[in-house]
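# Observations on the three-dimensional arrangement
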Amino acid sequence: REWETSMADLQALVDGISPFKSSAERDRYIFDNVNVPQLLNVLSVYAITKQYDRDMHNYYLYRDSDGNGEWSMLAYDLDMTFNRLIEPVYTNYFS
């Protein structure tokens, strides 16, 4: 939000899922602070539709600060979802 200048909640997410933490600590943080069912739904749709345009961008992380405080993944800009020219299997499809 525009009036919030602190990124403490984002830093807490980064610290909470850090690979330097034990698996148990990461699991506990994720289950306590991430909307896991919603995240699994988004990732499942990506897998079913073979959505390749997603790995490094095309999503927002949203924290429901006023509600349950959980993080969610919101997908956007999915115009390349069914573009098979970028799918590794079809590299030479049109040549």
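All values reported here derive from a predicted model rather than from experimental measurement. (Residues numbered from 1 in each chain as written. Predicted model: local features only at pLDDT ≥ 70, side-chain atom pairs only at ≥ 80, totals over all residues. Heavy atoms only, no water.)

### Here we look at the overall build of the protein
A count of helical and extended segments in the protein gives three helices and two strands. Across the 95 residues in the protein, those meeting the buried criterion constitute 20%. By sequence separation, contacts in the protein at least 24 residues apart represent 52% of the contacts at least 6 residues apart. Of the roughly 7300 Å² of accessible surface on the protein, 58% is carried by carbon and sulfur atoms. (Helix = DSSP H or I, 4+ residues; strand = E, 2+ residues; numbered from the N terminus. Buried < 20%, exposed > 50% of the residue type's maximum accessible area, 1.4 Å probe, protein only. Contact = heavy atoms within 4.5 Å. Areas by Shrake-Rupley, 256 points an atom, 1.4 Å probe, with all protein chains shown as cover.)

### A few points about the confidence of the model for the protein
Summarising the model, the protein shows a mean pLDDT of 81, and 76% of its residues fall at 70 or more. At the level of individual helices and strands, the protein shows its lowest average pLDDT in helix α3 (residues 36-49), which scores 87, and its highest in helix α2 (residues 23-33), which scores 95. (pLDDT = per-residue confidence, 0-100.)

### A closer look at the packing of aromatic side chains
How two aromatic rings sit relative to each other is given by the distance of their centres and the angle of their planes. Considering all chains together, one arrives at one aromatic pair under this definition. Plain terms: the ring middles of Y60 and Y76 are 4.6 Å apart, the flat faces sit at 25° to each other, and that makes the pair stacked. With Y60 in strand β1 (residues 59-63) and Y76 in the segment after β2 (71-75), this residue pair connects regions lying 16 residues apart in the sequence. The class for Y76 is partly exposed, based on a relative accessible area of 34%. (Phe/Tyr/Trp six-rings, centres within 6.5 Å; stacked < 30°, edge-to-face > 60°.)

### Points about the side chain of S72
Summarising the element assignment, S72 is placed in strand β2. The exposure class assigned to S72 is buried, which follows from its relative accessible area of 13%. Those residues in contact with S72, other than ones at most four positions away along the chain, are N35, Q38, Y60, L61 and Y62.

### Remarks on the nonpolar core
Listed in full, the five residues of the largest apolar core are L13, Y29, V34, V36 and W71. Excluding its chain neighbours within four sequence positions, the residues that come into contact with L13 are Y29, V34, L61 and W71. (Core = buried A, V, L, I, M, F, W, Y, C linked by side-chain atoms within 4.5 Å.)

### Observations regarding the pattern of salt bridges
Counting across every chain of the model gives one salt bridge. In this structure, the salt-bridge partner of D9 is R63, at a minimum N-O distance of 3.8 Å. In this pair, D9 sits in helix α1 (residues 8-16) while R63 sits in strand β1, placing the two residues 54 residues apart along the sequence. Residue D9 is classed as partly exposed on the basis of its relative accessible area, which comes to 25%. (Salt bridge = Lys/Arg side-chain N within 4 Å of Asp/Glu carboxyl O.)

### Here's the deal with the environment of Y59
In this structure, Y59 sits in strand β1. The exposure class assigned to Y59 is partly exposed, which follows from its relative accessible area of 30%. When the C-alpha positions of Y59 and Y76 are compared, they lie 5.5 Å apart, and in sequence the two are 17 residues distant.

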